[in-house]
Amino acid sequence: MKISVIVPMFNEELNVQRTLSEINNALNDYSDFEIIAVDDGSTDKTFSLLNEFRAKNSHIIVLKHKTNYGMGKAIRTGFEESDGDIIITIDADLSYRALNIPVLVSELENDISIDIVVGSQYMEGGDVKNVPFNRLFISKVANKFIGYSMTENLNTVTGVLRAYRREVLESMEIESNGTKINLEILSKAIATGFKIKEVPVVLEGRELGESKIKIKSKTISHVLFSFYEKPMILFGVIGLFMLLIGIISGIYLFYQYFLGTLDPTRPLMIFMVLMIISGIQILIFGFIATQISLLKREIFIVQKENKLLRKRLK
């Protein structure tokens, strides 16, 4: 099977030579492979260094965006231009070492029932090294929170180190331009019945260059994605909280009534009614949103069948 490795790059001039060399060395045992480096509108020497490396290695394919669209767009461009049977995505700074690539490939080669292999630093056997505490803390919390919103029991859902069978990517419409692409693919793969397996890997802190990921915006987008996947996380918590406040207020008012000190004109009476009614309404909104989320999964299945049908008719 042919292997395609996609490497999105943005202002990575310090990593070009090291990254492509390590990936190429990791693939030496394979006879048919390609390394697709996608320059996502870099303003430094990334593109020229990529072309220099390409001139010395026939396995390298260099693509370029005129402007910086985001990691997701770069990965999508790589998907569109790749022709491998197994498609790998990996970070440009090799936070996940290139030596993990053969491990992911072997999982797909040895078990035809697996469709996606995810490199996981948070599963048993995985590890994290030299990552700043604040980034590590946010990453762990985000993966736990988002993982809960998905039906599969996955430990790492935000990482980019993955191996896909081509038919997985050909069966879905991928829209994200940013880091949310990794969540989108998993969500649609789970909804359409593809099998996902995690393998333990080590995540290491960046050695060269600066991280392009904005923690604040990434965190917000991932939290919103969780609410999109499982609306009851938001509506359920808020609705139950308001309902609980209303019930507590009602108990307090009943206690005053029992003592004979209740004043029916107190604003607390109106507050209690508002809290109970609002809590029930928000829970109903959550139920409706959940049904819409389930309908969305059915749409993904229809999209998958349509794309596969178009492929067969070509």
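Residues numbered from 1 in each chain as written. Predicted model: local features only at pLDDT ≥ 70, side-chain atom pairs only at ≥ 80, totals over all residues. Heavy atoms only, no water.

The protein goes by Glycosyl transferase family 2 in an unreviewed UniProt entry, where it is assigned to Methanobacterium lacus.

Asks: Mind showing me how you'd approach the environment of glycine 279 here?
Replies: Locating glycine 279 in the fold gives a position in helix 10 (residues 267–313). For glycine 279 and valine 237, which are 42 residues apart along the polypeptide, the C-alpha to C-alpha distance reads 9.6 Å. Ignoring any residue separated from it by four or fewer positions in sequence, one finds glycine 279 in contact with Gly239, Met242 and Leu243. (Helix = DSSP H or I, 4+ residues; strand = E, 2+ residues; numbered from the N terminus. Contact = heavy atoms within 4.5 Å.)

Asks: Help me understand the sheet that holds strand 2 (residues 33–40), please; the structure alone is not making it clear to me.
Replies: The strands making up a sheet associate through backbone hydrogen bonding, with each pair oriented either parallel or antiparallel. The mixed open sheet is built from seven strands, whose spatial order is 3-2-1-4-7-5-8. Of all the strands in the sheet, the pair left with one neighbour each is strand 3 (60–65) and strand 8 (196–200). Averaged over all neighbouring strand pairs, the angle between strand axes comes to 20°, with direction disregarded. As paired strands, strand 4 (residues 86–89) and strand 7 (residues 162–165) are joined by four bridges and run antiparallel to one another. Each bridged residue has a counterpart across the sheet, and for isoleucine 86 the counterpart in strand 7 is arginine 165. Contacting strand 1 (3–9), strand 2, strand 3, strand 4 and strand 7, helix 3 (residues 71–81) runs over the sheet at an angle of about 145° to strand 2. Helix-sheet contacts for helix 7 (residues 181–191) involve strand 5 (116–120), strand 7 and strand 8, and the interaxial angle to strand 7 is about 40°. (Pairing = 2+ DSSP bridges. Axes fitted to C-alpha atoms, helices over the stretch in contact; angles between N-to-C directions.)

Asks: What exactly am I supposed to notice about the side chain of lysine 2 here?
Replies: Its place among the elements puts lysine 2 in the segment before strand 1. Polar contacts involving the side chain of lysine 2 include one to the side chain of aspartate 83, which spans 2.8 Å. In contact with lysine 2, not counting residues within four places along its chain, are Asp32, Phe33, Glu34, Asp83, Gly84, Asp85 and Ile86. (Polar contact = N/O pair within 3.5 Å; in protein donor to acceptor, adjacent residues only side chain to side chain.)

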